[in-house]
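# Architecture and fold: a report
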Amino acid sequence: MDKQRERRVAVVGGSIAGCAAALAAGRGGAGSVTLYERAPGLLGERGMGIALHDARYAELEAAGYLDAAMPWVQLDHRHWYVRDAACPDPLGRRIAAMGFPFRTYNWGSLWHELRDRMPAGTEIRSGTPVTKVTRDGRRAAVRTSAGAEEFDLVVGADGHRSVVRAAAFAEVEPRFAGYPAWRGAFPVERLPDPERWPADECAYVVFPGGHLIVYRIPAGPADPPGRRVNWVLYTAPSTDLTRTPGDPDAHDDTLDDAQRERLARFADALLPPYWATLLKATAREELAVQTLYDFTAPRYTSGPLLLLGDAATVARPHTGAGAVKALQDASALERALSGTADLGAALGAYDDERTPTGRTLVDLGRRLGDALVTRTPDWPALDQRGLEEWWQRADGSGAFGGGRLRTRP
């Protein structure tokens, strides 16, 4: 294993995927790990939610990529609601109930937990944008404003506008999904009539041309102790609410007062009263709009370059598997690097395992986007059986929540 101990690895991107990649490289035997992060300081103040399927959690906890002590909220079921003037319940008329074995986490808590477990000696270069990555034979160079540095392996964990992916597959460009996601999170104490909505329930509130998902999450490291209400709204794009769809600068952009007012009018017009009030209880600084993309690279490796997380594949959030996939990628990288001193063989093993997963999730995200946003059914006409049949067709491969993680032989 001497070759592994001499191996120099660079990770581009310091978010959840990047921290997990650095952890994987260290466990996989790298002699040194250097992590480049564009943003200065810490990223853990982001307070939005992440949901992980119970089975995927168990696999990732066993693999060492999730800490059982991290705060979480257990969900048990999801209820589907529609607006119905004849229904006295402010939640709306419930058309179906399904099992929903998911744990929810705070993005910031997961980031801090992974960051704290990165290998001792990891060199973290915050506030250091990578401007270009090049390769020459078996090595690759990372260029910043300070100059260029060579590595045996460069891991791209730098999101959907990845510099590493541009070096590996310049022809791959993120494709706008056709609609955005509106996000919000606020302290549960501000929730109207909290006892009416069970704490273990994920609510799917559906309407023509979209849906709202709502669930509770733990407070983040920078928040007062307790829980938060986390919601995501998907609907057809509107220039009244956001800038030009597909604009790369519109990613995770906050809303101004006029946009917030427009969102409130939208909620009153299409959502049952309880959920409309919930959206309007979200302060402007707690709101964000996310432009959605989807794509997957043809392969996850190219020479000494490797892609992980959103740099490799971006699937629409409907899949319920974004964070899961990034952590699974990291686990697969660790197993591949640990399995052989031959770096080429390790990268081939990683590629063979993870590339098909990316294709599956992108296909699922597009299929669910079509079913849940762009070609919604007549929701009020569906009952329990009808919705279950509709969901089975929409899910197709059964990959919702992420596929099963392989384990070390």
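Residues numbered from 1 in each chain as written. Predicted model: local features only at pLDDT ≥ 70, side-chain atom pairs only at ≥ 80, totals over all residues. Heavy atoms only, no water.

### As for the packing of helix 2 (residues 16-27) against helix 8 (residues 322-339)
Rule in force here: For helices, the fitted axis covers only the stretch in contact; all axes are lines through C-alpha atoms, and the angles between them, taken along N-to-C directions, range from 0 to 180 degrees. What counts as a helix is a DSSP run of H or I of at least four residues, what counts as a strand is a run of E of at least two, and both are numbered from the N terminus. The labels follow the angle: roughly parallel below 35 degrees, roughly antiparallel above 145, roughly perpendicular from 65 to 115, and oblique for the rest. Crossing handedness is defined as follows: a turn of the near helix away from the far one that is anticlockwise and smaller than a right angle gives a left-handed crossing, while the clockwise case is right-handed. Any pair of residues with heavy atoms lying within 4.5 Å of one another is described as a contacting pair. Classes in brief: Ala, Val, Leu, Ile, Met, Phe, Trp, Tyr, Cys and Pro nonpolar; Asp, Glu, Lys and Arg charged; the others, Gly included, polar.
Packing of helix 2 against helix 8 brings their axes to within 8 Å, and their N-to-C directions diverge by 15 degrees. Here helix 2 lies roughly parallel to helix 8, going by the angle between them. With respect to the hand of their crossing, helix 2 and helix 8 are arranged in right-handed fashion. For the pair helix 2 and helix 8, contact is made by Ile16, Ala17, Ala20, Ala21, Ala24, Ala25 and Arg27 and by Ala326, Leu327, Ala330, Leu333, Glu334, Leu337 and Ser338, respectively. When the residues that make up the contact of helix 2 with helix 8 are grouped by side-chain class, the tally is 11 nonpolar, one polar and two charged.

### With respect to helix 10 (residues 384-395)
Short version of the rule: Multiplying 1.5 Å by the residue count of a helix minus one yields the expected span of that helix. To sort residues, take the accessible area from a 1.4 Å probe on protein chains only and compare it with the maximum for the residue type: under 20% means buried, over 50% means exposed, and anything in between is partly exposed. By construction, the arc corresponds to the directions joining the helix axis to the C-beta atoms.
With 12 residues, helix 10 extends 16 Å between its outermost C-alpha atoms, agreeing within 8% with the 16 Å of an ideal straight helix rising 1.5 Å per residue. Within helix 10, the full set of buried residues consists of Gly386, Leu387, Trp390, Trp391, Ala394 and Asp395. Each buried residue of helix 10 lies within a common arc of 155 degrees when the element is viewed along its axis, so the set occupies one face. Away from its buried face by more than 90 degrees, helix 10 exposes Arg385, Gln392 and Arg393. Residues of helix 10 that are buried sit in contact with strand 4 (73-82), strand 5 (93-106) and helix 9 (343-374). Looking one or two places after helix 10, you find Gly396, whose phi comes out positive at around 65 degrees.

### Overview of the side chain of His211
Within the secondary structure, His211 is located in strand 13 (residues 210-218). Beyond its immediate chain neighbours, meaning those up to four positions away, His211 contacts Tyr204, Val205, Val206, Val232, Leu233, Tyr234, His318, Leu372 and Val373.

### Thoughts on the layout of surface pockets
How we decide: Residues are called lining when one of their atoms sits within 4 Å of a cavity or pocket point, these points coming from a 1 Å grid over the protein atoms alone, where a cavity is a set in which a 1.4 Å probe fits but cannot get out and a pocket is an open set with protein on both sides within 12 Å along at least five of seven lines. Grid points are joined across faces, edges and corners, and a volume is the space filled by probe spheres set on the points.
Each pocket or cavity is described by its volume, and for the second largest pocket that value is around 380 Å³. Lining the second largest pocket are 13 residues, and of these Arg138, Ala341, Asp342, Leu343 and Gly344 lie nearest its centre. Looking at the lining of the second largest pocket, the elements that each hand over two or more residues are helix 1 (2-6) and helix 9. Here the element with the most residues in the lining of the second largest pocket is helix 9; it accounts for three residues. Taken together, the residues that form the lining of the second largest pocket break down as four nonpolar, two polar and seven charged.

### Comments concerning the pattern of salt bridges
Note the cut-off: Here, a salt bridge means any Lys or Arg side-chain nitrogen found within 4 Å of an Asp or Glu carboxyl oxygen.
For the coordinates displayed, the defined rule picks out 24 salt bridges. For Asp193, the salt bridge goes to Arg196, with nearest N and O atoms at 2.9 Å. Taking relative accessible area as the criterion, Arg196 reaches 37% and is therefore assigned partly exposed. Between Glu353 and Arg335 there is a salt bridge whose closest N-O contact spans 2.8 Å. In this pair, Glu353 is assigned in helix 9 and Arg335 in helix 8, connecting sequence segments 18 residues apart.

### Here's the deal with the packing of aromatic side chains
Here is the rule we go by: Pairing of aromatic rings covers Phe, Tyr and Trp, the last counted by its six-membered ring, and requires centre-to-centre distances within 6.5 Å; plane angles under 30 degrees mean stacked, over 60 mean edge-to-face, and any other angle means tilted. Two conditions define a charge located above a ring, namely a distance within 6 Å from the ring centre to NZ of Lys or CZ of Arg, and an angle within 35 degrees of the ring normal.
For the coordinates displayed, the defined rule picks out 16 aromatic pairs. Aromatic pair Trp379 and Trp390: ring centres 5.1 Å apart, planes at 75 degrees, arrangement edge-to-face. Taken together, the residues Trp379 in the loop between helix 9 and helix 10 and Trp390 in helix 10 connect sequence positions 11 residues apart. Trp379 sits in the buried class, given a relative accessible area of 1%. What makes Trp390 buried here is its relative accessible area of 7%. Centroid distance Trp391 to Phe400: 5.1 Å. Interplanar angle 90 degrees. Geometry classified as edge-to-face. According to the relative accessible area criterion, Trp391 is buried, its value standing at 9%. Taken together through their ring pairs, the aromatic side chains of Trp80, Phe100, Phe102, Tyr204, Trp379, Trp390, Trp391 and Phe400 make up a single cluster. Over the ring of Trp72 we find Arg103; its NZ or CZ atom is 3.5 Å from the centre of that ring. Cation over ring: Arg216 sits above Trp197, and NZ or CZ is 4.1 Å from the ring centre.

### So, helix 8
Relative to the 26 Å expected for 18 residues at 1.5 Å per residue, helix 8 spans 26 Å between its end C-alpha atoms, a close match to the ideal helical length. Most of helix 8 sits inside the fold, with 15 of its 18 residues counted as buried.

### Points about the environment of Gly365
Considering the arrangement of structural elements, one finds Gly365 in helix 9. When the C-alpha atoms of Gly365 and Asp136 are compared, they prove to be 36 Å apart, with 229 residues separating the residues in sequence. For Gly365, the contacting residues outside a window of four places in its chain are Arg316, His318 and Thr319.

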